[in-house]
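This is what each chain is made of:
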Amino acid sequence: VPIIAANMDTTGTFEVYDVLSKFKMITCFNKFYSLRDFEERDTNPLDPNYFMISTGINEQNFCNLCDIVEATKAKWICVDVANGYMHNVVTFCDKVRATFPDCIIVAGNVATREMVEELILNGKVDIVKCGIGPGSACLTRRKTGVGVPQLSAIIECADGAHGCGGMIIGDGGITCPGDLAKAFGGGADFVMIGGQFAGHDENPGEIQEIDGKKFKLFYGMSSEHAMNKHYGKMANYRSSEGRLVKVPYKGPLEVTVRDYLGGLRSACAYINAHKIKHMPKCTTFLLVNQQLNTHFGK
Ligand code: 5GP
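As the structure is a computational prediction, the values presented were derived from the model and not from experiment.

**Student:** How should the overall build of the protein be read in this particular structure?
**Tutor:** Across its full length, the protein carries 11 helices and 11 strands. Its C-alpha radius of gyration of 19 Å places the protein within 12% of the 19 Å reference for a compact globule of 298 residues. Across its three principal directions, the C-alpha atoms of the protein cover 55 × 50 × 45 Å. Evaluated residue by residue, the protein yields a buried proportion of 47% over its 298 residues. Within the protein, counting contacts between residues at least 6 apart in sequence, those at least 24 apart form 62% of the total. When the accessible surface of the protein is totalled, it reaches about 15,100 Å², and 52% of it is carbon and sulfur. Across the protein, the centroid of the 31 positively charged side chains sits 5 Å from that of the 32 negatively charged ones.

**Student:** What is the right way to look at helix H5 (residues 113–121) in this model?
**Tutor:** Because an α-helix packs 3.6 residues into every turn, residues spaced three or four apart end up facing the same way. The set of residues buried in H5 consists of Met115, Val116, Leu119 and Ile120. Looking straight down H5, one finds its buried side chains confined to an arc of 135°; they lie on one side. Structural note: H5 exposes Glu114 and Leu121 on the side pointing more than 90 degrees away from its buried face. Along its buried surface, H5 packs onto helix H4 (87–99), strand S5 (104–110), strand S6 (127–130), helix H7 (150–163) and strand S7 (167–171).

**Student:** Sorry, what's going on with the environment of Thr112 here?
**Tutor:** Note on placement: Thr112 falls in the loop between S5 and H5. Judged by relative accessible area, which is 22%, Thr112 ranks as partly exposed. Sequence separation of Thr112 and Gly147 is 35 residues, and the distance between their C-alpha atoms is 9.7 Å. Not counting residues up to four positions away in its chain, the partners in contact with Thr112 are Tyr85, Glu156 and Cys157. Side chain to side chain, Thr112 and Tyr85 meet in a polar contact 2.4 Å long.

Reading guide: rules and limits
- Sequence order as written defines the numbering, with residues in each chain counted from 1.
- The predicted nature of this model means local features are confined to residues of pLDDT at least 70 and side-chain atom pairs, given and counted, to a pLDDT of 80 or more, with totals for whole chains, interfaces and linings taken over all residues.
- The basis for every side-chain value is the complete set of non-hydrogen atoms in the structure, without hydrogens or water.
- Numbering goes from the N terminus for both helices and strands, where a helix is a DSSP run of H or I of at least four residues and a strand is a run of E of at least two.
- Only C-alpha atoms enter the radius of gyration, while the globule expectation follows 2.2 Å times N to the 0.38, with N the number of residues.
- Residue burial is assigned from relative accessible area. The probe radius is 1.4 Å, only protein chains are included, and a residue is buried under 20% of its type maximum, exposed over 50%, and partly exposed in between.
- Residue contacts are counted whenever heavy atoms from the two residues lie within 4.5 Å of one another.
- Note on areas: Shrake-Rupley with a 1.4 Å probe; residue coverage comes only from the protein chains shown.
- Note on charges: Lys and Arg go in the positive column, Asp and Glu in the negative column, and His and the chain ends are not counted at all.
- For charged residues, the charge sits on one atom: NZ in Lys, CZ in Arg, CG in Asp, CD in Glu.
- Arc definition: directions from the helix axis to the C-beta atoms.
- Here a polar contact is recorded for every N or O atom pair within 3.5 Å, except that within protein the pair must consist of a potential hydrogen donor and a potential acceptor, and residues adjacent in sequence are included only if both atoms are side-chain atoms.

Next comes the structure, spelled out in structure tokens:
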């Protein structure tokens, strides 16, 4: 099932993997899991089909990646940086490809055709992760003015990737099951989800109660909260491109997953797509300014 939990602290976790793998969905583990974290997880061995190992692009990241891939027999590697347009990303991917010729290599994030093609042709990656600014905990567009509307990015990037034998992940911006159908309909081969998979029993952190309503915390990986957590402080030359949000507590993750899968199945039935990969050719997009009849409230 080509749905992937984002490699964020709150969603790219072993507990999320335990739920999603039962549905044959993939969990992209966060970069902060060490070799020891993988070794100490002795219950329920990880199935290489259903997890990705994430890495940054420096030397130390590469050494950690090699150790973790060897220990876990990982099949998927995700080279993940906020700005996939740096030249180092392409050279790093090429090195990962040479080291792990049999792994499926994912790299990103980018949001335009040219860079998708560059990563596939010169970085030798299989799948490009696409999305600059659509994330629910992301402030890049406000802080920098940079980004591409996510459906447009998916349509353009998928076209580029499919033209040179690669695939894409539409990463970020999913707010409801209908968005998932639109991402696949636009040509995404996989969709990555963060915020919608947060706020459950299986996500880390305590349930907070404010005015009788329950919440869990969810935060962007470039937020000040994440920077303080992982690096002790936020470098003063940069501004925070992510935020900390309170997500309504939603109970077991399995309930949300079933809701998403049910919506996706029904979308396929409406458009007469027998498989997810047939969705683009069964989809027609119309520009609308309202989707839902909100007469009786949202
Ligand atoms: P969501 O499903 O919550 O809309 O989007 C998840 C995606 O948002 C992640 O996979 C990642 O690409 C992106 N993201 C996560 N944290 C941050 C952040 O702090 N800043 C930005 N710009 N993007 C983020």
